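Spelled out, the chains give:
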Amino acid sequence: MAKRQIEIFVADCPLCNETVRLVRELSCPSCEVLIYDLREGQTHLTYLEKAQQYGVQAVPALAIDGKLALTGKPNREQLQAIGVGQPLN
């Protein structure tokens with residue numbers, strides 16, 4: 001079964017932590033949540049490359065299925081509108 005890939009770019013900020021909590025709360029079994037910590041000293045080179053590939057300019061940022069979907073702290077309705085918690089058809 002294919003999974004919806006949700007990538008969250010964070011930097012250990014209160015808005016980032018709240019975004020991760022909300023995404024995890026809304027996620028369904030067909031959602032795969034990946035978290036990329038971009039803090040200096042914590043980040044892997046692949047995280048930075050992925051952030052650059054998506055054009056991430058600020059955190060938190062969310063990519064859904066390989067495309068940057070939201071930047072900044074989203075609300076529940078925004079997350080649902082981009083597919084968080086909804087199985088792939």
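Provided above is the structure to which this section pertains.
Residues numbered from 1 in each chain as written. Predicted model: local features only at pLDDT ≥ 70, side-chain atom pairs only at ≥ 80, totals over all residues. Heavy atoms only, no water.

Caption draft 1: Molecular detail of the pattern of salt bridges. Within the structure shown, the criterion is met by seven salt bridges. As a salt-bridge pair, E7 and K50 come within 3.3 Å of each other at their nearest N and O atoms. Of this pair, E7 sits in strand 1 (residues 4–10) while K50 sits in helix 2 (residues 45–54), and the two are 43 residues apart along the sequence. Judged by its relative accessible area of 0%, E7 falls in the buried class. (Salt bridge = Lys/Arg side-chain N within 4 Å of Asp/Glu carboxyl O. Helix = DSSP H or I, 4+ residues; strand = E, 2+ residues; numbered from the N terminus. Buried < 20%, exposed > 50% of the residue type's maximum accessible area, 1.4 Å probe, protein only.)

Caption draft 2: Quick look at the environment of I6. Looking at the secondary structure, you find I6 in strand 1. Residues I6 and C31, 25 residues apart in the sequence, show an inter-C-alpha distance of 6.9 Å. Residues within four places of I6 in sequence aside, it is in contact with V23, S27, C31, E32, V33, L34, L62, A63, I64 and V84. (Contact = heavy atoms within 4.5 Å.)

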